[in-house]
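Read off the chains here:
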Amino acid sequence: DDSDADNDQSHIIELTSGRDVEGVDAGVFEPIDLSGFVFFDNNQSGVFDAGEFGAGSVFVQIYEVQGGGPCPGARGPLVDEVQTDATGEYVFMGLPPGSYIVQVSSASLNPPGPLFGYQTTTPTEYCINLTCDFDPTVEDYDFGFFYDCL
């Protein structure tokens, strides 16, 4: 950690043409979009295959990892909650680098949620370390569900 920041505030530095300034750190990052699908996994393969359908209106949550990470780690504060579209896709946009836990909301799994009674075929949550050199579009953190009618 080479940062000289001590209070999360920016400082104004005036630069004029031809002047060199040393000893000033500036950190920038490209925001990261993280996405995936919630789907009905008819063949219980854990993979969103052709012929399977996305689950719309499902709430997906993203949390910080407690203490800033890295993964694996305990769930920290809620960052955002989004709802899947009609194709089952969810997107969290503009995330800064960090460690996150993504999961389907319990409200979608319990009555009267759209996935009540369904079984999972994929992990129920993902812990993801997003770093500055990560692709700015992160995909395929999918959640599969099937209904066992036996």
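Look up: the structure comes first, before these words.
Numbering of residues begins from 1 in every chain and follows the order in which that chain's sequence is written. Reporting in this predicted model follows two pLDDT cut-offs: at least 70 for local features of residues, and 80 or more for side-chain atom pairs to be given and counted; totals over whole chains, interfaces and linings ignore these cut-offs and use all residues. Note: side-chain values were computed over all heavy atoms of the structure, leaving out hydrogens and water.

Before going further, it helps to examine the packing of aromatic side chains. Note on ring pairs: Phe, Tyr and Trp rings are taken, using the six-membered ring of Trp, and paired if centres are within 6.5 Å. Classes follow the plane angle, with under 30 degrees stacked, over 60 edge-to-face and the rest tilted. Applying the stated rule across the entire model yields eight aromatic pairs. Note on tyrosine 126 and tyrosine 141: the rings are 5.3 Å apart at their centroids and 70° apart in plane angle, and the pair reads as edge-to-face. Pair noted here: tyrosine 126 is in strand S8 (residues 125–130) and tyrosine 141 is in the loop between strand S9 (137–138) and strand S10 (143–146), with a separation of 15 residues, a long-range link. The criterion for a charge sitting over a ring is simple: Lys NZ or Arg CZ within 6 Å of the ring centre, and within 35 degrees of the ring normal. A cation over a ring is seen here: arginine 75 above tyrosine 63, with NZ or CZ 5.1 Å from the ring centre. Helix and strand definitions follow DSSP, with helices as H or I runs of at least four residues and strands as E runs of at least two, each counted in order from the N terminus.

This part takes up the sheet that holds strand S6 (residues 98–104). Taken together, four strands build an open sheet; the order of strands is S4-S3-S6-S8 and the sheet is antiparallel. Only two strands of the sheet have a single neighbouring strand rather than two, namely strand S4 (75–83) and S8. Ignoring strand direction, the axes of neighbouring strands in this sheet form an average angle of 25°. Here a strand pair is declared whenever DSSP counts at least two bridges between the two strands. Note: strand S3 (residues 59–65) against S6, five bridges, orientation antiparallel. In this analysis, axes come from line fits to C-alpha atoms, helices being fitted only over the stretch in contact, and the angle between any two N-to-C directions falls in the range 0 to 180 degrees.

Let us look at the pattern of salt bridges. Salt bridge, as applied in this entry: a Lys or Arg side-chain nitrogen positioned within 4 Å of an Asp or Glu carboxyl oxygen. Within the structure shown, the criterion is met by one salt bridge. Residues arginine 75 and glutamate 125 are paired through a salt bridge, measuring 3.4 Å at the closest nitrogen-oxygen approach. Taken together, the residues span a long stretch of sequence, with arginine 75 in strand S4 and glutamate 125 in strand S8 at a distance of 50 residues. Here's how the labels work: a residue is buried when its accessible area is under 20% of the maximum for its type, exposed when over 50%, partly exposed in between, all with a 1.4 Å probe on protein chains only. On the basis of relative accessibility, which here comes to 35%, the residue glutamate 125 falls in the partly exposed class.

As a further point, take the state of the cysteines. The disulfide criterion is simple: two cysteine sulfur atoms within 2.5 Å. Taken as a whole, this structure holds one disulfide when the rule is applied. Residue pairing for cysteine 71: its cysteine sulfur links by disulfide to cysteine 127, the two sulfurs lying 2.0 Å apart. Measuring the twist about the S-S bond at about -85°, one finds the cysteine 71-cysteine 127 disulfide to be left-handed. Pair noted here: cysteine 71 is in the loop between S3 and S4 and cysteine 127 is in strand S8, with a separation of 56 residues, a long-range link. A relative accessible area of 18% means that cysteine 71 is categorised as buried.

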